[in-house]
Amino acid sequence: MGLLLLKRLLRSLWRTRLRLVAVVLLVAIGVFAGVSFGAYGKTASTIYASIYSDTDDGVNLPDLWIESAGGAPWGEEQASNFCGELRASWNDLSGGLAACEPRLKVDGVMFWDDESGEPSVVSAIWHGIDEGEVHRVWMPEHEFVSGRLAAANDEVVIDSHAASMMEISVGDEVEIGAGSGRMTFSVVGVAFHADHLYFALPGSIMPATAGTFVTGYLTDEGLERLGGYSQGDANYLLLDIEGTPAYDLLSTEINEGEQLNTVLEGIRDEFGEPYGAMVYDRSGVESVEFLRADSEGAEKSYPVVTGMLAIVAGITIFLSLQRLILSQQREIAILRTLGVPKGSIMPGFILAPIVLGLIGVILGAILGLYVGAPMMMGVFEEMLGLPVVVGLSDFSFVWVNCSVAMVIAALSGIRPAFIAARLQPLEVLRSEHSVKLSYRWLQRFTHKLPPALALSLRSTIRKPMRLMFTFMGVGLSMLIFGSMQMMMDSIEDVTLGGMDRNIGWTAQVALGNQGDAPVVAWATDNNVEYERSIQLPFSVVGENKQLVATGLDQFSTDLDGSLSAITLSVGEMPAVSSTPLEVLVDEGTAHFLGWEVGSLGTVGFGASEVDVSVSGITTGEMARTMYFHRSDLEEVTGIPATSVLLAIPEGLDFSQDLGALSVGITEISGLRETFTTLMNQQQQFFNAILFLGVLIAIVVLFNTLLMNLSERDLELATLRVLGASIWRLGSMLLVEHLIIGVVGGILGAFISLYGAQAMIASSVQWAFFFKIEPNWTIIYSLITTVVVISVALVPFGMWRISKMELVEKVKTLG
Amino acid sequence: MPLFEISNLKRHYEMASGAVKALDGVDLVVEPGERIVLLGPSGSGKTTLLNCIAALDIPTDGGYTFESEPVPAKGSEKMTSFRRANIGYVFQFFNLLQDLTVLENILLIQELSGGRDVERAMDLLKLVGLSEEVNRFPSEISGGQQQRVAIARSLAKSPKLLLGDELTGNLDSETSSMVMEALIRACEAEQITTIMVTHDESMKKYATRLIRMDSGRIVSDERL
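All figures in this text were calculated on a predicted structure; none of them were measured in a lab.

### Remarks on the overall build of chain A
Now for step 1: Within chain A one finds 24 helices and 21 strands.
Now for step 2: Taken along the three principal axes of its C-alpha coordinates, chain A extends 105 × 55 × 50 Å.
Now for step 3: Every one of the 814 residues in chain A was classed for burial, and the buried ones make up 56%.
Now for step 4: Partitioning the contacts of chain A with sequence separation of at least 6, the portion at a separation of at least 24 is 80%.
Now for step 5: Carbon together with sulfur atoms contributes 57% to the accessible area of chain A, which is approximately 33,300 Å² in total.
Now for step 6: Once the 47 positive and 89 negative side-chain charges of chain A are each reduced to a mean point, those two points are 33 Å apart.

### Focus on the overall build of chain B
Now for step 1: Scanning chain B from N- to C-terminus turns up 6 helices and 10 strands.
Now for step 2: For 224 residues, the compact-globule formula gives about 17 Å, and the C-alpha radius of gyration of chain B, at 17 Å, lands near that figure.
Now for step 3: Judged by the C-alpha coordinates and their principal axes, chain B covers about 50 × 40 × 35 Å.
Now for step 4: Scored against the burial criterion, the 224 residues of chain B give a buried share of 56%.
Now for step 5: Partitioning the intrachain contacts of chain B with sequence separation of at least 6 by distance along the chain shows that 70% fall at a separation of at least 24.
Now for step 6: For chain B, the accessible surface area stands at approximately 9,200 Å², while carbon and sulfur atoms represent 47% of it.
Now for step 7: Looking at charge distribution, chain B has the averaged site of its 24 positive side-chain charges lying 3 Å from that of its 32 negative ones.

### Quick word on the interface of chain B and chain A
Now for step 1: Listed as interface residues are 31 residues of chain B and, on the opposing side, 36 residues of chain A.
Now for step 2: Summed over both sides, the interface between chain B and chain A buries roughly 3,100 Å², with carbon and sulfur atoms accounting for 60% of that surface.
Now for step 3: When the buried area of chain B at its contact with chain A is split by residue, D99(B), E111(B) and L112(B) rank highest and sum to 21% of it.
Now for step 4: With a closest N to O distance of 2.9 Å, E104(B) and R458(A) form a salt bridge.
Now for step 5: Run the count over chain B and chain A and you get 10 residue pairs in polar contact (both at pLDDT 80 or more).
Now for step 6: Within the residue set of the side of chain B that touches chain A, elements represented by two or more residues are α2 (76-86) and α3 (102-112) of chain B.
Now for step 7: The biggest single contributor to the side of chain B that touches chain A is α3(B), with 6 residues.

### Structural notes on the pattern of salt bridges
Now for step 1: Summed over the entire model, instances satisfying the criterion amount to 33 salt bridges over all chains.
Now for step 2: When the shortest N-O distance is used, the salt bridge between R182(A) and E175(A) registers 2.8 Å.
Now for step 3: K204(B) is the partner of E201(B) in a salt bridge, and the nearest nitrogen-oxygen pair spans 3.4 Å.
Now for step 4: By relative accessible area, E201(B) is classed as partly exposed at 36%.

### Overview of the state of the cysteines
Residues and elements named next belong to chain A.
Now for step 1: The final tally for this structure, using the stated rule, is 1 disulfide over all chains.
Now for step 2: Between the sulfur atoms of C83 and its disulfide mate C100 the distance is 1.9 Å. Because the sign of the S-S torsion sets the handedness, a value of about -75° for the bond joining C83 and C100 places this disulfide among the left-handed ones. With C83 in helix α3 (residues 76-88) and C100 in strand β2 (residues 97-113), this pair connects stretches of sequence that are 17 residues apart. Both residues of the pair, C83 and C100, count as buried.

### What about the packing of aromatic side chains?
Now for step 1: Under the definition given, this model contains 22 aromatic pairs over all chains.
Now for step 2: Pairing Y89(B) with F91(B) gives two aromatic rings, centres 4.9 Å apart and planes at 35°, and the pair type is tilted. Each member of the pair Y89(B) and F91(B) is classed as buried.
Now for step 3: Grouping aromatic residues by their ring pairs yields a cluster made of F750(A), Y754(A), W776(A) and Y780(A).

### Observations regarding unusual backbone geometry
Now for step 1: Omega for the bond connecting T579(A) with P580(A) falls within 30 degrees of zero, at -5°, which places this linkage in the cis form.
Now for step 2: Despite not being glycine, E67(B) shows a phi value in the positive range, around 50°.
Now for step 3: Within the chain, S158(B) stands out as a residue other than glycine whose phi angle is a positive 50°.
Now for step 4: As for its position among the elements, S158(B) is in the loop between α5 (143-155) and β7 (161-165).

### Regarding the sheet that holds strand β3 (residues 35-39) of chain B
Residues and elements named next belong to chain B.
Now for step 1: The strand order across the open sheet built from 6 strands is β6-β7-β8-β3-β9-β10, with neighbouring strands paired in mixed fashion. Here the strands that pair on one side only, and so sit at the sheet edges, are β6 (87-90) and β10 (217-223). Sheet twist, expressed as the mean angle between neighbouring strand axes with direction ignored, is 20°.
Now for step 2: Looking at chain direction, β3 and strand β8 (residues 193-198) are connected through 5 bridges and run parallel. The residue of β8 that forms the bridge with L38 is V197.
Now for step 3: Here α2 sits on the sheet in contact with β6 and β7, set at roughly 85° to β6.
Now for step 4: Here helix α6 (residues 173-190) sits on the sheet and contacts β3, β7 and β8; the angle it forms with β8, its principal contact strand, is near 155°.

### What to know about the side chain of E111(B)
Now for step 1: Relative to the elements of secondary structure, E111(B) occurs in helix α3.
Now for step 2: Residues in contact with E111(B), not counting those within four places in the same chain, are P450(A), P451(A), A452(A), R728(A) and R116(B).

### Points about the sheet that holds strand β1 (residues 4-15) of chain B
All names here are of chain B.
Now for step 1: With antiparallel pairing, the 4 strands of this open sheet are ordered in space as β2-β1-β4-β5. Looking along the sheet, the strands with just one partner apiece sit at the ends: β2 (18-30) and β5 (69-70).
Now for step 2: Alignment of strand β4 (residues 61-66) against β5, held across 2 bridges, turns out to be antiparallel. Counterpart to T65 in the pairing with β5 is P70.

### Overview of the pairing of strand β9 (residues 209-214) of chain B
All names here are of chain B.
Now for step 1: As paired elements, β3 and β9 share 4 bridges and run parallel to each other. Within β9, the residue paired with L39 across the bridge is R212.
Now for step 2: Pairing of β9 with β10, which is carried by 6 bridges, proceeds in the antiparallel orientation. When the bridges of β10 are listed, R212 appears paired with S220.
Now for step 3: Hairpin connection between β9 and β10: a loop of 2 residues separates the two successive antiparallel strands, and S215 in this loop has a positive phi of roughly 50°.

### Section: the packing of helix α14 (residues 464-502) of chain A against helix α22 (residues 776-792) of chain A
Packed helices, taken two at a time, are described by their axes: the angle between them and the distance between them.
Residues and elements named next belong to chain A.
Now for step 1: In contact at an axis separation of 10 Å, α14 and α22 are set at 150° when each is read in the N-to-C sense. In this structure, α14 meets α22 at a crossing whose hand is right-handed. For the pair α14 and α22, contact is made by V474, M478, F481, G482, Q485, M486 and D489 and by I778, S781, L782, I783, T785 and V786, respectively.
Now for step 2: For the contact of α14 with α22, the residue count by class is 8 nonpolar, 4 polar and 1 charged.

### Focus: helix α23 (residues 794-802) of chain A
Now for step 1: Taken together, the buried positions of α23(A) are occupied by V794(A), G797(A), M798(A) and I801(A). Projected down its long axis, α23(A) carries its buried residues within an arc of 100°, all on one side.

### Regarding the pairing of β4(B)
Residue and element names in this part refer to chain B.
Now for step 1: Bridge analysis of β1 against β4 gives 5 bridges, and the strand direction is antiparallel. Along β4, the bridge assignment pairs I6 with Y64.
Now for step 2: Here β4 hands over to β5 after 2 residues, with E67 in that stretch at a positive phi of 50°.

### Some points on a negative patch on the surface
Residues and elements named next belong to chain A.
Now for step 1: Together, E85, D269, E270, E609 and D611 line one region of the surface with negative charge.
Now for step 2: Mapped by element, the contributors of at least two residues to the negative patch are α6 (258-275) and β18 (608-618).
Now for step 3: Here D269 is to be found in helix α6.

Rules used in this analysis
- Residues numbered from 1 in each chain as written.
- Chains lettered and ligands numbered in written order.
- Predicted model: local features only at pLDDT ≥ 70, side-chain atom pairs only at ≥ 80, totals over all residues.
- Heavy atoms only, no water.
- Helix = DSSP H or I, 4+ residues; strand = E, 2+ residues; numbered from the N terminus.
- Buried < 20%, exposed > 50% of the residue type's maximum accessible area, 1.4 Å probe, protein only.
- Contact = heavy atoms within 4.5 Å.
- Areas by Shrake-Rupley, 256 points an atom, 1.4 Å probe, with all protein chains shown as cover.
- Lys, Arg positive; Asp, Glu negative; His and termini not counted.
- Charge placed at Lys NZ, Arg CZ, Asp CG, Glu CD.
- Rg over C-alpha atoms; globule rule 2.2 N^0.38 Å.
- Buried area = accessible area lost by both parts, 1.4 Å probe.
- Salt bridge = Lys/Arg side-chain N within 4 Å of Asp/Glu carboxyl O.
- Polar contact = N/O pair within 3.5 Å; in protein donor to acceptor, adjacent residues only side chain to side chain.
- Disulfide = S-S within 2.5 Å.
- Phe/Tyr/Trp six-rings, centres within 6.5 Å; stacked < 30°, edge-to-face > 60°.
- Pairing = 2+ DSSP bridges.
- Axes fitted to C-alpha atoms, helices over the stretch in contact; angles between N-to-C directions.
- Left-handed = near helix turned anticlockwise from the far one by under 90°.
- Nonpolar A, V, L, I, M, F, W, Y, C, P; charged D, E, K, R; others polar.
- Arc of directions from axis to C-beta.
- Patch = residues over 30% accessible without salt bridge, like charges linked within 9 Å, V, L, I, M, F, W, Y side chains within 5 Å.

Printed below as a string of structure tokens:
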């Protein structure tokens, strides 16, 4: 009997196969998206682990960095002594000290002719690396890599990202500088380095574009020659600890690297002042931290994405089953009257969503693994420019995704199963021709309206639970594409919008050994407005987090008062020379450190520590920043300036002159172009997400509106028999769909806004913080999208009514 | 002039087991003002004939003219237009719109035909004896009252022909009598021709003409 009942149910479901296809598709899409994101996250973290490992294929990423404050190098003997003292006083708490390697890394420039043949000066970072035990150059077997390591003092290996963008290859000659004139080097290799796997200018989270940044790996002698350094000079000590201990992740509250932290603090306390050193672990290296955060974000997000889409599918399954039960309640009542027990009715309604879910899960998993995952790996290679050299070995994320989707699909059938089983035959058979009425208050509210309009309004709200679930489903689907739109809009506002609002300079000149004097002199001679500024990495005492200290000559909220304005969200501009020093912090820093206006803290620049007081909180920065008066920062660090901001009038050629006086020039036009290019690159990905969200909204609305129509077959057939034209009925449908579209659109837009804000708030990390602000244009566009989808389904409804077999219906009616 | 004429009307259905001749050559001429009861056993073709008269179904063969004009036999909108202009229909299970009050059910039909006349709607309800129930919903009135509302609704657009298929099939005998009396009263007042399909022999007392059908044909046609 159970088999017969199941057969009966399946045949009934088959009659609504269009809705079933929609449900299966929803589940499949959810699993597909989850598996694709999960594959990205898993592959990314696997690749990074492989790159950082101390193996023949890895680079042996250090566990601790000791950096000379201000970048000024230690001499060979000093560096050697430093390593010796470290070994002597080493605390084995986190493992033995396997290697202590001095390294020189300096800012510089490359002189390059851009695509149009115009000479330009490209900001650069040059590393002096020979073979090295730690932090090696990465040269995997891949088409992105070629050549060999530099061996002579006029050879350089160019980073693969830059080589690809600037069309530099092995055998080329390049002209580079590091504050000691320009020199020609031969390119002997194209490779990667762990400091620049995420290829972005220091302090920027936006990837660099062609002609804005280059890094290269010279021999020790080569870099010493280029920068005019002495043999053995080093401004870093790279420490490799046995066993690669865990370190404190910035994205969690707990400290995963307590032991390493103890060692780090010990080094800081003992050697910070004598050597003028800053000490940090892997979380302080921008590229390492950003890539970790990116892969962690992808791994965290895939169950959420799958869950959300599965919930939408679950809602659709639930509503469909409910509708099916309603249409079958007479049959079920007859079966119960004939003596079929409850236990025989339920299994079918529990099994149906499980089967639908299973089909969707299998389809989604296959598509995810064989289509989505390779696509995401393509995105990984294209967007990050990193070779995918290890395949997936851990498929646990597939099981997680599939399980989440199956559980939600299965749960969605439980309540309908109970409803079906608990139907009372007599009640059903007595009331089989009754229809649930809409609410009294609605009836009173609408009774003065024309009957057709009153009928439309009352029919729409007849099933409030279905309506509510529909709005939830639409809201979740809008969360997907709405949040993407809002995120892109917020990023665009912070980057491009921020540039328009807060940047009045046209070029930022990074200073070398010659200091600011020649640049200031050039500016004065050429009648160019200028401001000096300082940008230095530093940390807050007691926190293992790196920030950027920015020292400004002028503080202003608009460009009338400064070449670099600030958007103040709360508080006041800092006063100069105050005690403690007054500073502004960005809202991300304030969020993570729990600071507000008036908070006090202590910050460290190498050996120096200084107390600060927060006078205000700024908004619009993506990097963690603390603003000081330049003169205050100069007093603390002894560094008068690290760059000069220039408002260069159009037509004044500056690159050759300033290139010789600096170690890099950043032009605002280049930055703007970088961001615009990146936004355009993201557009394809963004459009794919948008399409997915709109598709889901269409499926959810289609399903509900189809159910509403089929439920009203009796009403609509009656009206058709009584002579209602298709256009008349169409206008009634239009009113109903408009109502559902407008209300659903408004609710969905707000679910989208608050959901996106909550999602971003839960996933922001120290390296990546921003907020989503309401954008009314986007909100209106979300509402309009839902209204358009809803109204676009009216012709389908009219078609369905026109195809109604009235003769068959009259038999039922009569 | 006759209200409508049917000549040699046939309606065949192709089934797996062969053709079913639901109507097998029906000739019928109906004059204005007649009250026709169409009797016959199950499967005799009564409902099929009613559906063809109402332009709900398309005959396989034969002619059908209404007020000397051919009735559209294809194009659902043309057939619907014809129904809207000329036909009133009463169902066995009333089929009132549950979300609308008694009065609103009638006003809706008027609206569908392009007009709205509250006074006429009230008059119709008075005619069927329901002027006290105007603001009630169908679920709040009895079956007999619902059927009377359905009758008033079917007259709302002043059709020339009112069709009823087993319209007392769901009512007890006492209520059936009340409903039929209300129907007769309304049709006489509105001068509307009626055709009522039934298998209930007691309904013939309401007829001015009795037609019997069997096996898709008219077997007797008697003026009473």
